Amino acid sequence: MFAFPRTAALATLVVAALSLTACSGNTGGSSTDDDITVGSYGGQQLAIGDPVRGGSFAYGMSFSVPTLDPAAAIGGSTEFALSAVYDHLLEVQPDGTVGAGLAEGITTDDNIVWTLALRDGVVFSDGTDFDADAVIAQIQRVAAADSVSLSATDARTITSMVAIDPLTVQFTLSGANSQFSLLLAQGSMSMIPSPTAVESEGADFALNPVGAGPFVVDSFTPDGDIELSRNESYWDPELPYLDSVTLTPVLDEQSRVTGVVSGDLDAASVSSLSLLDDAEEQGVTGLEEPWYGGYLFQPNIENEYLSDIRIREAISYAINRDAINQVLWDGRGTVMDSFLVPSQPFYESGFVPQYDPAKATELIDEYKAETGVTDISIQLMTNQLQESAEIGELLQQQLAAVGIDLQPVAVEPATQIANIVSGDFDAMLQDRSFPAETTKIFSQAFGATFYNFGSGTNPDFDALIEQVDSASSDEARQALIPAMLDVLAEWLPVVPIASGGLGRVLGSNVLGFPDGDPNATSSEMFDLRQVWVSQ
């Protein structure tokens, strides 16, 4: 099994920078500077005294959750909520390696045949044994012809699954994939439901889910609140610390902060570091986390205009990223000049065309003269977050200045997912993470998978994916990242814009909170098991 080590120098810089931040952090509420330290993922964590069991915790999510079925199309807050109910087969560790979760580990000799060893003694919260057959049943659901899971394409690369014994599953793939273990650490294939509940609940399973994770679902309203309580049969008797959890979607970032300050919420995440400062001044605790993601203009390559590289390049030249950074984050965000952000271990600069409206106009005029097109109109799908709407409005103004009529349209999460799956959109604004396991997310985002949200494919990039999949070592795989960046620069399947920060706002009731996981698919992701509150 392969590791995904971070660049040591970058990790040292991140820890040093966050250590300085910790020294100047909030002293309001019940926390002090000594209570805020740098955690194993390189972000800030809070620990006031020793962990205590009991109490309730209300968390404000930045997205609503439409389903709790792990075979559905998931991402963002949905994966965060699902992980509380199901846990993961494997876990991505702070150093990027894949470690134990509900499985003890996974091995391979050739990247084709993989053997997964499950943890002994795990049961689903309904009493059903957590075994090899349950794992196989879930992955079959994900791979089904009518599956809407974003992991369906990956699941269909498995040609056979065999239960060697109740605690061992052997997978055989259609071809070498050196990153298969990561597919069992994130997404639909990593979270296993009780097959008993899936069968008995049928179409209602998404409303009455049963997993083997640290919490059980007491009630769930699609796109509304999720009420959780401790799973008394969880495999680790020491965890979770909390008795109960309420996950509430609060789409507006300022409202999430207001909720924590007022005491209606115990914690929430924010992408504005200035807003984090404001919250600290109101007496709550603020933590900063590294974030490997950023906002991207995602074209649908099937669109009449965006299929032409000149229009995609013109859009990149038309975007004043510095202005967006100033308006949204008071200049404390990061202008993206690459497909990765500087905090990312494999970042290299200079791959994305930067602000040059004259060059943008030149490309558009050339396109119009060649095609006879007189007006370029593009609808931009955004989510319901205020930040997303603000970026959409800024892009509308900036593109109008070079002759592109961009019309932002905010849609609900379920509609967004449906549009992505059907390809029914011109372009969308997405906040996407490119975690430490860069080659995996590049392969998913720009290869022939459900995670490729409209970019089409590129034969040169596909050839690099094949090399990645057959790589014999971490070093061999990581050595392909510069070549991947080169192809992306020529192809421009997405237009990177800018990246904000990531912060946690904690009320005085919260005594323990772990640092987040920059390997995760969402800024929401943190280990809910490790949160504790005052009694």
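Here goes a summary of the coordinates provided. Please read all numbers here as calculations on a predicted model, not as lab measurements.

It is worth spelling out the overall build of the protein at this point. Secondary structure assignment for the protein yields 17 helices and 23 strands. A compact globule built from 535 residues should have a C-alpha radius of gyration of about 24 Å, and the protein, at 23 Å, falls within 12% of that. Once the C-alpha set of the protein is aligned to its principal axes, its extents read approximately 70 × 55 × 45 Å. Counting across all 535 residues of the protein, residues that qualify as buried make up 59%. Once local pairs closer than 6 in sequence are excluded, the contacts in the protein between residues at least 24 apart make up 70%. A total accessible area of about 19,200 Å² is found for the protein, and carbon and sulfur atoms account for 49% of it.

With that out of the way, let us pick up the sheet that holds strand β3 (residues 56-61). Taken in spatial order, the 7 strands of this open sheet run β10-β11-β12-β3-β13-β21-β14, and their pairing is mixed. Strands with a single pairing partner mark the edges of an open sheet, and in this sheet they are β10 (215-220) and β14 (285-288). When the angles between neighbouring strand axes are averaged without regard to direction, this sheet yields 20°. As paired strands, β10 and strand β11 (residues 226-230) are joined by 5 bridges and run antiparallel to one another. Across the sheet, F220 pairs through a bridge with I226, a residue of β11. This element, helix α7 (residues 253-262), spans β3, β13 (267-270) and β21 (503-506) of the sheet and lies at about 150° to β13.

Here the focus is the pattern of salt bridges. Summed over all chains, the structure comprises 10 salt bridges. A salt bridge links E232 to R230, with the nearest nitrogen and oxygen atoms 3.8 Å apart. Assessed through its relative accessible area of 64%, E232 is described here as exposed. On the accessibility criterion, R230 (11% relative accessible area) is buried. Note that R230 is salt-bridged to D243, the shortest N-O span being 2.8 Å. Residue R230 is found in strand β11, and its partner D243 is found in the loop between β11 and β12 (244-249); the two are separated by 13 residues along the sequence. Overall, the relative accessible area of 35% leaves D243 in the partly exposed class.

Okay, the layout of surface pockets next. If a probe the size of a water molecule is rolled over the atoms, the empty space left behind becomes visible. Of the pockets and cavities examined, the largest pocket occupies roughly 660 Å³. A breakdown of the residues in the lining of the largest pocket according to their chemical character gives 17 nonpolar, 10 polar and 8 charged.

Spatially, 6 strands are ordered β16-β20-β15-β19-β17-β18 in an open sheet, and the strand pairing comes out mixed. Two strands in the sheet have a free side with no partner beyond their single neighbour: β16 (334-335) and β18 (404-410). Lying over the sheet, helix α12 (residues 386-400) contacts β15 (293-299), β17 (376-382), β18, β19 (427-433) and β20 (495-499), oriented at roughly 170° with respect to β18.

Think of two packed helices as two axes; the pair is described by the angle between the axes and how far apart they sit. Where helix α15 (residues 459-469) contacts helix α17 (residues 481-491), the two axes come as close as 10 Å, and the packing angle between them is 160°. Put simply, α15 runs roughly antiparallel to α17. Like other packed secondary-structure pairs, α15 and α17 cross with a definite hand, here left-handed. Here α15 contributes D460, F461, L464, I465 and V468 to the contact with α17, which in turn contributes A483, M484, V487, L488 and W491. Taken together, the residues that form the contact of α15 with α17 break down as 9 nonpolar, no polar and 1 charged.

What follows concerns the pairing of β19. Buried residues dominate β19, accounting for 6 of its 7 residues. Here 7 bridges tie β15 to β19, and the two strands are oriented antiparallel to one another. Within β19, the residue paired with P299 across the bridge is A427. In this sheet, β19 lies alongside β17 in parallel orientation, the contact comprising 2 bridges. Directly across from M381, in β19, lies its bridge partner M428.

Attention now goes to the packing of aromatic side chains. Taken as a whole and judged by the stated rule, the model has 15 aromatic pairs. Considering the side-chain rings of Y295 and W329, the 6.4 Å spacing of their centres and the 25° angle between planes classify their relative orientation as stacked. With a gap of 34 residues between them, Y295 in strand β15 and W329 in helix α10 (residues 321-329) connect regions that are remote in the sequence. The interplanar angle of 40° and the centroid separation of 4.6 Å between the aromatic rings of F513 and F526 together place this pair among those described as tilted. Of this pair, F513 sits in strand β22 (residues 510-513) while F526 sits in the loop between β22 and β23 (532-533), and the two are 13 residues apart along the sequence. Here F513 matches F526 in class, with each residue buried. In this structure an aromatic cluster arises from ring pairing among F57, Y59, F80, F513 and F526.

Buried within α15 we find F461, L464, I465, V468 and D469. Each buried residue of α15 sits inside an arc of 140° when the element is viewed along its axis, so together they form one side. Exposed residues lying more than 90 degrees from the buried face of α15 are P459 and E466. N-capping of α15 is provided by N458, with a side-chain oxygen placed 2.9 Å from the backbone N of D460.

Right, let's get into the packing of α10 against α12. At a minimum axis separation of 11 Å, α10 and α12 run at an interaxial angle of 145°. Helix-helix and strand crossings are classified by hand; for α10 and α12 the assignment is right-handed. Residue-level inspection shows A323, I324, V327, L328 and W329 of α10 in contact with α12, the latter providing E387, E390, I391, L394, L395 and Q398.

Here we come to unusual backbone geometry. The linkage connecting L239 with the following residue, P240, adopts the cis geometry, with an omega of -5°. Looking at the secondary structure, you find P240 in the loop between β11 and β12. Positive phi, close to 65°, is recorded for D87, a residue that is not glycine. Inspection of the secondary structure assignment puts D87 in the loop between α2 (77-86) and β4 (90-92). Of note in this structure, D223 is not a glycine but carries a positive phi near 65°. Residue position: D223 is located in the loop between β10 and β11. Note on D223: relative accessible area 34%, which makes it partly exposed.

Analysis parameters
All residue numbers refer to position in the chain's written sequence, counted from 1. Totals for whole chains, interfaces and linings use all residues, but because this is a predicted model, local features are given only for residues with pLDDT of at least 70 and pairs of side-chain atoms are given and counted only at 80 or more. With hydrogens and water stripped out, all remaining heavy atoms of the structure feed into the side-chain values. Each helix corresponds to a stretch of at least 4 residues labelled H or I by DSSP, and each strand to a stretch of at least 2 residues labelled E; elements are numbered beginning at the N terminus. The globule rule is 2.2 Å times the number of residues to the power 0.38, and the radius of gyration it is compared with is taken over C-alpha atoms. Relative accessibility decides the category of a residue: with a 1.4 Å probe and only protein chains considered, values under 20% of the type maximum give buried, values over 50% give exposed, and everything between is partly exposed. Contact between two residues is taken to exist if any of their heavy atoms lie within 4.5 Å; hydrogens are not considered. Surface accessibility in these figures is a Shrake-Rupley result with a 1.4 Å probe; residues are shielded only by whichever protein chains are displayed. Between any two strands, pairing holds if DSSP finds at least two bridges. Angular values range over 0 to 180 degrees, each being the angle between N-to-C directions of two axes fitted as lines to C-alpha atoms, with helices fitted over their stretch in contact. By definition here, a salt bridge exists when the distance from a side-chain nitrogen of Lys or Arg to a carboxyl oxygen of Asp or Glu is within 4 Å. A pocket here means an open set of points on a 1 Å grid, computed over the protein atoms alone, that has protein on both sides within 12 Å along at least five of seven lines. A cavity is instead a set of points where a 1.4 Å probe fits but cannot get out; residues with an atom within 4 Å of a point line either one. Grid points are joined across faces, edges and corners, and a volume is the space filled by probe spheres set on the points. In this classification, the charged set is Asp, Glu, Lys and Arg, the nonpolar set is Ala, Val, Leu, Ile, Met, Phe, Trp, Tyr, Cys and Pro, and all remaining amino acids, among them Gly, are polar. Orientation labels follow simple angle bins: below 35 degrees gives roughly parallel, above 145 gives roughly antiparallel, 65 to 115 gives roughly perpendicular, and whatever is left gives oblique. Helix crossings fall into two classes, left-handed where the near helix is turned counterclockwise from the far one by less than a right angle and right-handed where it is turned clockwise. Side-chain rings of Phe, Tyr and Trp (the six-membered ring for Trp) are treated as a pair once their centres are within 6.5 Å; stacked means planes under 30 degrees apart, edge-to-face means over 60, and tilted covers the remaining angles. To be clear, the arc concerns the directions from the helix axis to the C-beta atoms. For the purposes of these results, a polar contact is taken to be a pair of N or O atoms within 3.5 Å, where, inside protein, one atom must be able to donate a hydrogen and its partner to accept one; residues adjacent in sequence count only when each atom of the pair is a side-chain atom.

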